[in-house]
Amino acid sequence: MSNWKTLLLRIGEKGPEYGTSSDYKDHIETCFGVIRREIERSGDQVLPFLLQCAVQLPHKIPLYGTLIGLLNLENEDFVRRMVESVQVDFQDALDSGNCNSIRILLRFMTSLLCSKVIQPASLIVVFETLLSSAATIVDEEKGNPSWQPQADFYVICILSSLPWGGSELAEQVPDEIERVLVGIQAYLSIRKNSSTSGLNFFHNGEIESSLVEKDFVEDLLDRIQSLASNGWKLDSVPRPHLSFEAQLVAGKFHELRPIKCMEQPSPPSDHSRAYSGKQKHDALTRYPQRIRRLNIFPANKMEDVQPIDRFVVEEYLLDVLFYLNGCRKECASYMANLPVPFRYEYLMAETLFSQILLLPQPPFKTLYYTLVIMDLCKALPGAFPAVVAGAVRALFEKISDLDMESRTRLILWFSHHLSNFQFIWPWEEWAYVLDLPKWAPKRVFVQEVLQREVRLSYWDKIKQSIENASALEELLPAKAGQNFMYSLEEGTKEKTEEQKLSAELSKKVKEKQTARDMMVWIDEMIYPVHGFEVTLSVVVQTLLDIGSKSFTHLVTVLERYGQVFAKLCPDSDKQVILLSQVSTYWKNNVQMTAVAIDRMMGYRLVSNQAIVRWVFSPENVDQFHVSDQPWEILRNALNKTYNRISDLRKEILNITKNVLVAEKASANARVELEAAESKLSLVEGEPVLGDNPAKMKRLKSTVEKTGEAELSLRESLEAKEALLNRALSETEVLLLLLFRSFLGVLKERLPDSTKVRSVQDLKSIGAEDDKSSAMEVDSENGNPKKSCEVGEREQWSISTLGYLTAFTRQYASEIWPHMEKLESEVFCGEDVHPLFLQAISSALQFPLQ
């Protein structure tokens, strides 16, 4: 990399590029000297790279802003082009709804104002344009209040840029910035408070109680007003331009052109509730709230950090996570060395965990955050590991209130995190969970973490890791893997009829007989004599046993003999029995059960509807509150279903583009042929209509080929569209089945709706029942258990409602197109329990009738 690029990238950092100095002024002067000369040689390369640095390393924006201010003193044309590029990118971001670019570029423009590059009045115009658009959006008559998230986002962008330039604005245009703040207060008075209870980490917990009254926009305005009343003084934003103030004041201001905000879709003309709800969902998806605070640490851990400083550090951390997601080590390094004068390990941990647990989904996969936390623990070995452990303990104490989706992610993260640190954890601290009933959330959490650890390692290793709390071995999965029904016990000479059939089937597999031969033998020798259930049991148990050595063996068996399963189980009823057989064989290995069913669905041996029916069968329903296995299998099935739809949509989009290209090529070929046909040419001295025969032959061939290519693409497009329409139709049936299944099992177990109107009521019932019996008996082993705040039936209801919310929220984009049908056929029945409707309403952020 060129020296000048390295200097731009590493400005403000401790490193060899700037010698021993860590002073911002020295860095800026050194970089300025090099960049000034480089612009003369290759200004066209410097400008885009400098802008890219400012956008993708936004915690250094004050440094880049000051550098550009100095360049403005000597090369006004370069800075003019820089400002124009910033504004073009800003308008493009507004037009495309690129939230991160809008927010960062507005911050950059605010910083350029501090360096006397941008006229303050023109920045105020940008603020007021955004604010005017926000006010119009939430206006019932002129706008579309369903798109309030877009309006809120514009206001958040204005407020979030003020820590970087509020002081200068208050000094240079005090009346105008006061007018903007008053306008924001007026906006808050006409907008609706955005209740996002369905996106809270904790439900009915104490952690978020202090923040319930204010939403994110109101809270941010309070922080900015406190900052203004404090003279715009804060510690988290460096102000290097002050060191060059005497020089910068001589710079020429550059004007910003007017901007235009994206227009939101028109409100539904027929006042359809479902369409209005879908628009709100689309708005929340396009303009999501990027952070929701966990507040899991005591206030004294961050008592010296002002509210506005906390906000700025959160912005730094989230920006680094976003822009450096392709280089985790660089990401961790920047996160550990932010330009702030106070310690922020606890705030960093809270921010990272808030992203891991963020609802409806985090910006990146959990794996990314796992790797960043691991690198931070290595970069800050004396501080951060203890903070992470403290966060885990705090979340564990609140695990019963934690959202089910967030709880699942926490289990996945924690087990993976421990696998990177030799599975070391003071398990003796949590050994007391064995005294809790098997359905207690803390006990289930420990059990699921240990089972996930076994997947990432092996049983003996995990047993060794809990030797300080050896009693926890009870929560480990069974060590034995397969549960083969037709194996011969040692010393057994007599074989049952089923064992003989299994042995013969195994022999045929070893002889590599085809699936067709196998089906003929089954139809002639087994099915007529033993019937469907014995036949299926022998076939499933034997073939799975042959494929049990490894994942590759399983895939090979399914690929080679999958059609045997398909012929035996052609309909949903029989596929449910097939899934039950798979579960029986792998009952001691949760992972292989999930893998086998996932592969079988991938090969279309079982349908998604059969999986839903099996998950809600009695054998699984009783496990809803004590194991994640049925929910994992249901998640896999729904993910695979919607991934297929997503893939079809992408294929249709690509084919549509190719059709347009083929149309153009075909049209051009026809035009060229027509031009050649109408041309007069001399053949043996005589004028003849048409070009020379060789060229005419080539053109006709081209027309035929392009026409055939276009026709082929159109046929492919029609086929894909037919597949998509069929998949969407099947999705509607699947969703109806899913919600009816949830409704059916909840109806059987939920208390009467006159007794419970909320989840808190369920917990209260459990607590009252608990007081009446101080000790309970575990049905599995008869051992007395400590009393639990919530009884088993109540905990089952709480867990199942939690998963209902989680699934509805996760697949909301696919649910909304079918909302009218779901409302009419499932949600609006007289016997629908209020808690069922509450769970769905909170997930969709939409009141159901």
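Residues numbered from 1 in each chain as written. Predicted model: local features only at pLDDT ≥ 70, side-chain atom pairs only at ≥ 80, totals over all residues. Heavy atoms only, no water.

As named in an unreviewed UniProt entry, the protein is Nuclear cap-binding protein subunit 1-like, taken from Camelina sativa. In its Subcellular location (unreviewed entry) section, the UniProt entry covering the protein states "Nucleus". (UniProt positions renumbered as here; feature names shortened; annotations may be inferred.)

K.L.:
With reference to specific residues and values, describe the pattern of salt bridges.
P.N.:
According to the stated counting rule, one finds 55 salt bridges in the structure shown. Asp523 is the partner of Lys567 in a salt bridge, and the nearest nitrogen-oxygen pair spans 2.7 Å. In this pair, Lys567 sits in helix H23 (residues 551-568) while Asp523 sits in helix H22 (residues 515-546), placing the two residues 44 residues apart along the sequence. The partly exposed category is assigned to Asp523, whose relative accessible area is 34%. The salt bridge partner of Asp598 is Lys640, with a shortest N-O separation of 3.6 Å. (Salt bridge = Lys/Arg side-chain N within 4 Å of Asp/Glu carboxyl O. Helix = DSSP H or I, 4+ residues; strand = E, 2+ residues; numbered from the N terminus. Buried < 20%, exposed > 50% of the residue type's maximum accessible area, 1.4 Å probe, protein only.)

K.L.:
Which residues make up the packing of aromatic side chains, and what values do they have?
P.N.:
Tallied over the full model, the rule gives 39 aromatic pairs. Aromatic pair Phe297 and Tyr346: ring centres 4.9 Å apart, planes at 80 degrees, arrangement edge-to-face. Placement of Phe297 in the loop between helix H12 (273-286) and helix H13 (307-323) and of Tyr346 in helix H15 (residues 345-356) is noted, with a sequence separation of 49 residues between them. The exposure class assigned to Tyr346 is partly exposed, which follows from its relative accessible area of 26%. Their ring planes at 80 degrees and their centres at 6.4 Å tell us that Phe616 and Trp631 sit as a pair that is edge-to-face. Note that Phe616 is positioned in the loop between helix H26 (608-615) and helix H27 (618-621) and Trp631 in helix H28 (residues 629-677), a separation of 15 residues in sequence. (Phe/Tyr/Trp six-rings, centres within 6.5 Å; stacked < 30°, edge-to-face > 60°.)

K.L.:
Residues and numbers for unusual backbone geometry, please.
P.N.:
The omega angle of the peptide bond from Leu359 to Pro360 is 5 degrees, so this bond is cis rather than trans. Within the fold, Pro360 resides in the loop between H15 and helix H16 (366-379). In this structure, Trp232 is a non-glycine residue whose phi angle is positive, near 60 degrees. Relative to the helices and strands, Trp232 resides in the loop between helix H10 (216-229) and helix H11 (245-248). A residue is classified by how much of its surface remains accessible, and Trp232, at 12% relative accessible area, is buried. The residue Asn295 is not glycine, and still its phi comes out positive at about 55 degrees. One can find Asn295 in the loop between H12 and H13.

K.L.:
Which residues make up the environment of Glu168, and what are the values?
P.N.:
Tracing the backbone through its elements, the reader meets Glu168 in helix H8 (residues 166-172). Along the sequence, Glu168 and Ser115 sit 53 residues apart, while their C-alpha atoms lie 9.7 Å from each other. Among all residues touching Glu168, those that are not within four sequence positions of it are Leu113, Cys114, Val173, Arg239 and His241. Separated by 2.9 Å, the side chains of Glu168 and His241 make a polar contact. (Contact = heavy atoms within 4.5 Å. Polar contact = N/O pair within 3.5 Å; in protein donor to acceptor, adjacent residues only side chain to side chain.)

K.L.:
Account for the confidence of the model for the protein, with residues named and values stated.
P.N.:
Per-residue confidence for the protein gives a mean pLDDT of 90; residues scoring 70 or more make up 93%. Counting interchain partners and residues more than four positions distant, the pLDDT-below-50 stretch residues 205-212 has twelve contacts. This model gives residues 772-787 a pLDDT under 50, and the stretch forms 26 contacts once residues within four places in sequence are excluded. (pLDDT = per-residue confidence, 0-100.)

K.L.:
An account of helix H34 (residues 834-844) is requested, with residue identities and associated values reported.
P.N.:
Of all eleven residues in H34, nine are buried; the element is thus mostly enclosed. Listed as buried for H34 are Pro834, Leu835, Phe836, Leu837, Ala839, Ile840, Ser841, Ala843 and Leu844. After H34 finishes, the residue Gln845 shows a positive phi value of roughly 55 degrees.

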